[in-house]
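Structure at a glance
Here are the chains, one letter per residue:
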Amino acid sequence: MIEVVSVRFKSSGKVYYFDPSGLELSQGQQVIVETSKGLEIGECVKGNHSVPEDRIVPPLRPVIRVATEEDLRVAENNKAKEKEAFEICLKKIAEHGLDMKLVDVEYNFEGSKIMFFFTSDGRVDFRELVKDLASVFRTRIELRQIGVRDEAKMLGGLGICGRPFCCSQFLDEFQPVSTKMAKIQSMSLNPTKISGACGRLMCCLRYEHEAYEELVKNAPKNGAFVETPLGYGNVIQVNLLRQTVKVNIDSTGEPVLRTFSMDEVAVVPGGRPKEGEPLPSVLQIVPKMEEEESEFEMDPWEMPILLVDDHIPEETPETPAPAKKKSSKKSRSRAKAGEQQSRKAKNQNQKETKAQGAQKSQGKKGAQPKARESEKTEKKRPNNKNRRKKVIKKPKTNQPEKSPKA
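An account of the accompanying structure is given in this report. Per chain, residues are indexed from 1 in the order of the written sequence. Under the rules for a predicted model, residues below a pLDDT of 70 receive no local features and side-chain atom pairs below 80 are neither given nor counted, while totals for whole chains, interfaces and linings still include all residues. Calculation of side-chain values draws on the structure's entire complement of heavy atoms; hydrogens and water are dropped beforehand.

The next subject is the overall build of the protein. Each helix and strand counted, the protein has 10 helices and 13 strands in total. Throughout this description, buried means an accessible area under 20% of the type-specific maximum (1.4 Å probe, protein chains only), exposed means over 50%, and partly exposed covers the range between. Out of the 406 residues belonging to the protein, those deemed buried represent 24%. Pairs of residues are marked as contacts when any of their non-hydrogen atoms sit within 4.5 Å. Here the analysis covers contacts within the protein between residues at least 6 apart in sequence; of these, 53% occur between residues at least 24 apart. When the accessible area of the protein is evaluated, it comes to approximately 32,200 Å², of which 51% is carbon and sulfur surface. Segments assigned H or I by DSSP are reported as helices when at least four residues long, segments assigned E as strands when at least two residues long, and all are numbered from the N terminus. Note on areas: Shrake-Rupley with a 1.4 Å probe; residue coverage comes only from the protein chains shown.

Put into structure tokens, the structure is as follows:
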């Protein structure tokens, strides 16, 4: 295992391994590294980590330093120069009348070389163009022809799925894609539907190719003569993801179409036998083991019970039931009188308990205050008869009172 750091020079470029040279680097830092083209600035994708030796392409270049403010300022100036060089190169291409499309311009970190990337349908003689560019920029000029897939990776964009291109997001290398991959996945072979913005087959066709290859091994082909539990027939349609096949059962009347799982179908070797030959029996149905249902397992398709229990708990004496009917005036007055009497009885009980405690502590002397307290309570207790008597007031008149007749 060798300690390395992962560095990427562009947002969509390939990741390279470099020797940290004793530096502790973290993800997101800008570093200056030594390459075959000279010094370059890149982004640290992954800090110090160890990888096997077979994953390293020698020689392992070192990391010179962490990028300083001056290094970042130089990188920004190079980006500004790239825009100017792009416009100048477009004018020179138009002057020479070359059949080429300029894609991108890249400045070296040290400013010793400029690379121009272009696309073209055929070979282009750009020797005169290089001389003109060298006379303008006074540095080393390099023109590189790239393919349409590299062009889409550099420019970026949105695919038919609505997401950014895979090549400009996370794909480091292009892998070969063929129409066989689309055919195995039962996709339409229309070029407009399986091609990307670059005009080539979409890279995502390769993502699930290995899984489809495993599924195809156990699946019969369309038109194969098979044996089913309902008889013999020919396969009409195959669904690889659901592992089902649709079979046209042999019958004398109308065609009978049935769908079976691939475990219930067996392909007859050699196809349909000739007339007069017996039909071979090749189907071997494996009985499925019935799983024991436990008491606690619930059926996922069972309707949940959302009803409220009709059982009403009995009322406790502490919580009296609310009255439904309106009480009359007499019942209200009786209830008030009962409440007052209960309150007075509670107060009297509390005072009696206090008096008993005082009697124990003071002995015989405690009997007098107890009696006095009882007398006070009797005095304070109102007489209900006197309270309920109504005082009838005579009307005041200025006329003298009449004497009673004899």
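The sheet built from five strands is open, its strands ordered β2-β1-β4-β3-β5 with antiparallel pairing. Edge positions in the sheet fall to β2 (15–18) and β5 (63–66), since each has one partner strand and no second. Averaged over all pairs of adjacent strands, the angle between their axes in this sheet comes to 45°, without regard to strand direction. Pairing of strand β3 (residues 30–35) with β5 involves three bridges; the strand directions are antiparallel. Whether two strands pair depends on DSSP finding at least two bridges between them. The axes are straight lines fitted to the C-alpha atoms, using for helices just the contacting stretch, and the angles between their N-to-C directions are given from 0 to 180°.

Look at any regular strand and the pattern is simple: side chains alternate between the two faces of the sheet. Inspection of the sheet shows strand β9 (residues 225–228) paired to strand β10 (residues 231–239) by four bridges, in the antiparallel sense. Across the sheet, residue V226 finds its bridge partner in β10, namely G233. Counting the residues between successive antiparallel strands, the hairpin from β9 to β10 contains two residues. Inspection of the sheet shows β10 paired to strand β11 (residues 244–249) by six bridges, in the antiparallel sense.

It is worth spelling out the sheet that holds strand β8 (residues 140–145) at this point. Overall, mixed pairing links the three strands, which are arranged β6-β7-β8 in an open sheet. The outermost strands of the open sheet, each flanked by one partner alone, are β6 (101–107) and β8. Taking each pair of neighbouring strands and ignoring which way they run, the sheet shows an average axis angle of 20°. Bridging between β6 and strand β7 (residues 113–119) involves six bridges; their strand directions are antiparallel.

Take a side-chain nitrogen of Lys or Arg and a carboxyl oxygen of Asp or Glu: if they are within 4 Å of each other, that pair is a salt bridge. Going through the model one piece at a time under the given rule, you end up with 10 salt bridges. Measuring nitrogen to oxygen at the nearest pair gives 3.0 Å for the salt bridge that ties K14 to E173. Remark: E173 occurs in the loop between α4 (166–169) and α5 (179–184) and K14 occurs in the loop between β1 (2–8) and β2; sequence separation between them is 159 residues. E151 is paired through a salt bridge with K101; the nearest N and O atoms lie 2.7 Å apart. Here E151 is found in helix α3 (residues 148–155), whereas its partner K101 is found in strand β6, with 50 residues between them in sequence. In this structure K101 comes out as partly exposed when scored by relative accessible area, which is 46%. Through salt bridges with shared partners, a single network forms among K113, E142 and R144.

Two rings from Phe, Tyr or Trp (for Trp, the six-membered ring) form a pair when their centres sit within 6.5 Å of each other. Planes less than 30 degrees apart are called stacked, planes more than 60 degrees apart edge-to-face, and all others tilted. Applying the stated criterion across every chain, the model contains five aromatic pairs. Ring geometry for F9 versus Y16: centroids 5.9 Å apart, planes at 50°, classification tilted. A relative accessible area of 30% means that F9 is categorised as partly exposed. Judged by its relative accessible area of 39%, Y16 falls in the partly exposed class. Aromatic pair F116 and F137: ring centres 6.3 Å apart, planes at 45°, arrangement tilted. Taken together, the positions of F116 in strand β7 and F137 in helix α2 (residues 127–137) put the pair 21 residues apart, joining distant regions of the chain. Judged by its relative accessible area of 1%, F116 is buried.

All right, on to the side chain of S195 then. Secondary-structure assignment places S195 in the loop between α6 (191–194) and α7 (209–217). We classify S195 as buried; its relative accessible area is 15%. Within the structure, the side chain of S195 is placed 2.5 Å from the backbone oxygen of P191, a separation counted as a polar contact. In protein, a polar contact requires one atom able to donate a hydrogen and another able to accept it; more generally it is a pair of N or O atoms within 3.5 Å, and residues adjacent in sequence count only if both atoms are side-chain atoms.

Relative orientation of the contacting elements helix α1 (residues 69–96) and α2 amounts to 140°, with a least axis distance of 10 Å. Relative to α2, the crossing made by α1 is right-handed. Residue-level contacts link A85, I88, C89, K92, I93 and H96 of α1 to E128, L129, D132, L133, V136 and F137 of α2. Split into classes, the residues belonging to the contact of α1 with α2 amount to eight nonpolar, one polar and three charged. Crossing handedness follows the turn of the near helix against the far one: under a right angle anticlockwise gives a left-handed crossing, and clockwise gives a right-handed one. In this classification, the charged set is Asp, Glu, Lys and Arg, the nonpolar set is Ala, Val, Leu, Ile, Met, Phe, Trp, Tyr, Cys and Pro, and all remaining amino acids, among them Gly, are polar.

Between P58 and P59 the backbone carries a cis peptide bond, its omega angle lying at 0°. By the secondary structure assignment, P59 is in the loop between β4 (38–51) and β5. Of note, the phi angle at S21 is positive, near 60°, even though the residue is not glycine. Using a relative accessible area of 40% as the deciding quantity, one classes S21 as partly exposed. Not every positive phi belongs to a glycine, and R138 is a case in point at roughly 55°.

Turning our eyes to something else, we now look at the side chain of K92. In this structure, K92 sits in helix α1. Filtering out sequence-adjacent residues up to four positions away, K92 remains in contact with L129, D132, L133 and V136.

Three or more residues of α2 are buried, namely L129, L133 and F137. Looking straight down α2, one finds that the buried residues subtend no more than 50° of arc, so they occupy a single side. For α2, the exposed residues lying more than 90 degrees away from the buried face are R127 and K131. Tucked into the core, α2 has its buried residues touching α1, β6, β7 and β8. Arc definition: it is the arc formed by the directions from the helix axis to the C-beta atoms.

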